[in-house]
Structure formats: C-alpha cells, structure tokens
Amino acid sequence: MDTLKQLRDELEAEYQTTKSFLEIYPDDKNDYAPHPKSMKMMHLATHISEVFGWPGFMLNSSELDFAKSGMEPKHLTTKNDLLRF
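The rules we used
- Residues numbered from 1 in each chain as written.
- Predicted model: local features only at pLDDT ≥ 70, side-chain atom pairs only at ≥ 80, totals over all residues.
- Heavy atoms only, no water.
- Helix = DSSP H or I, 4+ residues; strand = E, 2+ residues; numbered from the N terminus.
- Polar contact = N/O pair within 3.5 Å; in protein donor to acceptor, adjacent residues only side chain to side chain.
- Core = buried A, V, L, I, M, F, W, Y, C linked by side-chain atoms within 4.5 Å.
- Buried < 20%, exposed > 50% of the residue type's maximum accessible area, 1.4 Å probe, protein only.
- Contact = heavy atoms within 4.5 Å.
- Salt bridge = Lys/Arg side-chain N within 4 Å of Asp/Glu carboxyl O.

## A look at the side chain of serine 49
1) Next: With respect to the helices and strands, serine 49 occurs in helix H2 (residues 41-50).
2) Next: Polar contacts involving the side chain of serine 49 include one to the main-chain carbonyl oxygen of threonine 46, which spans 2.8 Å.

Written as structure tokens, this is what we have:
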C-alpha cells in the first residue's frame with residue numbers, strides 16, 4: 001500500500017468537495033447562524049478553508065501547540081477571499 005498516494009488522493013477529494021462548497025457560498029449570508037450560540041457562517045467557512053494549511057504546518061513543526069504556534073485565525077469577508085485563500 002502506498003500511504004502517501006492514499007493520503008494525497010484523500011486530500012485531493014476533500015479539496016474538491018470544499019472548493020465546490022466555497023464556489024456556491026452566498027456572500028449575503030456571512031452573519032447567518034442557525035442558533036444564537038452557533039458560529040457565524042463566514043467564520044465556519046473560513047475555518048474550513050484554513051484546514052488545508054494544517055498539514056504543512058504540522059509536517060514542518062517539531063511540536064503542535066497552538067498556543068505557541070503563532071497561528072492566528074484569518075478574518076475573511078467575501079466568497080472571493082475564501083476561494084483565494
């Protein structure tokens with residue numbers, strides 16, 4: 001079994017699914033939340049787009065401590081921002 005190829009194929013499939021979601025993201029619903037305690041839609045979409053940067057971060061770090069990493073959440077505001085990121 002070629003583990004690296006399997007991982008690459010899985011990430012490619014996830015990327016395509018995420019890209020499809022971001023392409024239909026409604027710009028006028030950034031502040032939508034299904035419940036007052038829920039995160040806003042733009043915050044969730046930004047989080048989903050950030051996930052694809054995590055493997056590189058993890059592979060190039062000797063430890064995984066988000067408090068020390070300097071990783072800051074992005075603050076995106078439009079569908080185009082999401083797609084570019």
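Further notes follow.
## What about the nonpolar core?
1) Next: Of all hydrophobic cores here, the largest spans six residues; its members are Leu22, Tyr25, Met42, Ala45, Leu76 and Leu82.
2) Next: Dropping the residues within four chain positions of it, tyrosine 25 is found in contact with Asn30, Met41, Met42, Ala45, Lys79 and Leu82.

## Some remarks on the pattern of salt bridges
1) Next: Within the structure shown, the criterion is met by three salt bridges.
2) Next: Lysine 5 serves as the salt-bridge partner of aspartate 9, at 2.7 Å between the closest nitrogen and oxygen. Note that aspartate 9 and lysine 5 are positioned in helix H1 (residues 3-23) at a spacing of four residues, about one turn of the helix.
3) Next: Exposure remark for aspartate 9: the relative accessible area of 37% places this residue in the partly exposed category.
4) Next: Lysine 5 gets classed as partly exposed once you look at its relative accessible area, which sits at 39%.
5) Next: In this structure, the salt-bridge partner of aspartate 9 is arginine 8, at a minimum N-O distance of 3.9 Å.
6) Next: When salt bridges with common partners are traced through the structure, they connect Lys5, Arg8 and Asp9 into a single cluster.

## Some words on the environment of serine 62
1) Next: You can see serine 62 is positioned in the loop between helix H3 (54-59) and helix H4 (66-69).
2) Next: Taking the C-alpha atoms as reference points, serine 62 and serine 20, 42 residues apart in sequence, are found 33 Å from one another.

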